[in-house]
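The primary structure of each chain is shown beneath.
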Amino acid sequence: MRGGLGLVWAAIAIAFGLIVLQGYFIDLEVLRGVRTMVLQWAVVLAAAALLLGVANLLAVHLSKIGAQEKGWPYSAMLVGALVVTLLVGLFFGEESPLVLSVFQYIQQPVESTLAGLLAISLTLGIVRLLSRRRDMRTYIFLITVFIVLLGTGPWLIGSNGGLHQLMGEARAWLSQVWAAGAARGLLLGVALGATATGLRILLGADRPYGD
Amino acid sequence: MGLRDLLGIGILIGFTVFLIVRTGTERRWPTTLRALPAFDELRQAIERAVEAGQRVHLSLGTGTLIGSDSGPALAGLTALSQAAELTLESDRPVVVSSGDGAVAAASQDALRGTLGRLGASDRFRWTRARMLGPTPFSYVATLPGMLDSERVSVHVLLGHFGSEGALAADMGARQHSFVLAGTDAVPTQALFYATADQPLIGEEAFAAGAYLGAGGMHRASLRVQDLLRLVLMIVIVVGTLLSTLGVGL
């Protein structure tokens, strides 16, 4: 019975996958309509899944608070912030200045701070890289990073000099010739890998939706 | 239907036929996988984590399941099944996180399906597959707390990541975890090269299933990908030569 149900899920997934896939190649009014409808269903389901995700998030953190696990005050803050934001949104509407200010004065600054932290993380990561993997590829990576950094930003002194101009040209040559060529090669591999993953699902060999 | 559409359909049909035929012959002529130290080290790290009673964490990224960035998350779901199998005997089985509700739901389903197939349905907890935050940076903001509280020693990133991926990998490194990271976005792959113990380059993220023992079709698809890559390389070189010689197509 369980295996039979699994086959039904697989058949549904394959059928809907093929309906969406054909839309990229066959431009027929009827098929286009069906494809659009299926994609709209997917969007609605994804929105419903977001609610499930939030419920999951709440369950995880409420259980941490209940068990007084390590770091439970942070979980309490998260749950409190979630409930307050939800209530403010429900009572005042998503376009209200209060809701917008939550995003503008809390979420955006926090996310921008994290983005700023990226520079420090990468610098530390490169230092760790030197101690972790000392091979030719790492040295090429580091030299390239150094040249691109020097060729990108203004220098404290000598920004109008010939050396700065030379670095700028080296940077352009590296990014437009070597990096662009290598990126295209990598993208080709990524596209083939993604296609293979999709085909395995369409053939029913991979069933990420469970049995 | 234009020439490009026909070509696209032809490539897809060719890919599918090769994949089916190669899978059929996989038992007789098994694909030899080239050595990828990243996956060898991952297996060893998982074994160490199981023995030490520490957690394996798999991140499926911050991409969605219905967009063009779903590919690596789907590959990650295959890796999740394999990781669940490898950590089945552990006191602390694999935990999986994502930054999208649909991916989290799919990961819960994949985990439940795998444990059911292995006869360990009672070990499934729906909180083992979590959505940490709905935006990329809210996802990474909650990651350190989870890595710390779950005593994670193997931190695997297999999914779509933007620049936040570097922070996610770095947080694992700060936790002294083994970090393996792969994604579809090329700029993020460069960030992973600097921050992960074992970065996966190019399509290696999609090969996780084959290297973790997911089955014949995974191994066969690697061989077919290599074949198609060779065909595409020949087409590119011939096209470049014809274009250089002034022959228009």
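It should be noted that the structure appears before, not after, this text.
Here is a short report on the structure shown in this document. (Residues numbered from 1 in each chain as written. Chains lettered and ligands numbered in written order. Predicted model: local features only at pLDDT ≥ 70, side-chain atom pairs only at ≥ 80, totals over all residues. Heavy atoms only, no water.)

A few words now on the pairing of strand β5 (residues 178–182) of chain B. All names here are of chain B. Most of β5 is tucked away, with five of its five residues classed as buried. Burial along β5 is two-sided: F178, L180 and G182 facing one way and V179 and A181 facing the other are all buried. Taken together, the five bridges between strand β4 (residues 152–160) and β5 define a ladder with parallel strand orientation. Bridge pairing links L158 to G182 in β5. Note on the crossover from β4 through helix α6 (residues 164–174) to β5: the handedness is right-handed. Sheet topology note: the β5/strand β6 (residues 198–200) ladder contains three bridges and is parallel. Following the sheet pairing, L180 is matched in β6 by Q198. Regarding topology, helix α7 (residues 186–195) serves as the crossover connection from β5 to the parallel β6, and that connection is right-handed. (Buried < 20%, exposed > 50% of the residue type's maximum accessible area, 1.4 Å probe, protein only. Helix = DSSP H or I, 4+ residues; strand = E, 2+ residues; numbered from the N terminus. Pairing = 2+ DSSP bridges. Right-handed = clockwise from strand over helix to strand, strands pointing away.)

Turning next to the pattern of salt bridges. For the structure shown, the criterion picks out 15 salt bridges over all chains. A salt bridge links R32(A) to E29(A), with the shortest nitrogen-to-oxygen separation between them at 3.4 Å. Placement of the pair is R32(A) and E29(A) together in helix α2 (residues 29–66), with a separation of three residues, close to one helical turn. Given the relative accessible area of 37%, R32(A) is considered partly exposed. We note a salt bridge from E203(B) to R229(B), for which the minimum N-O separation is 2.7 Å. Of the two residues, E203(B) sits in the loop between β6 and α8 (208–211) while R229(B) sits in helix α9 (residues 216–244), which places them 26 residues apart along the sequence. Note on accessibility: E203(B) and R229(B) belong to one class, buried. Beyond isolated ion pairs, a larger network of salt bridges with shared partners links D27(A), E29(A) and R32(A). (Salt bridge = Lys/Arg side-chain N within 4 Å of Asp/Glu carboxyl O.)

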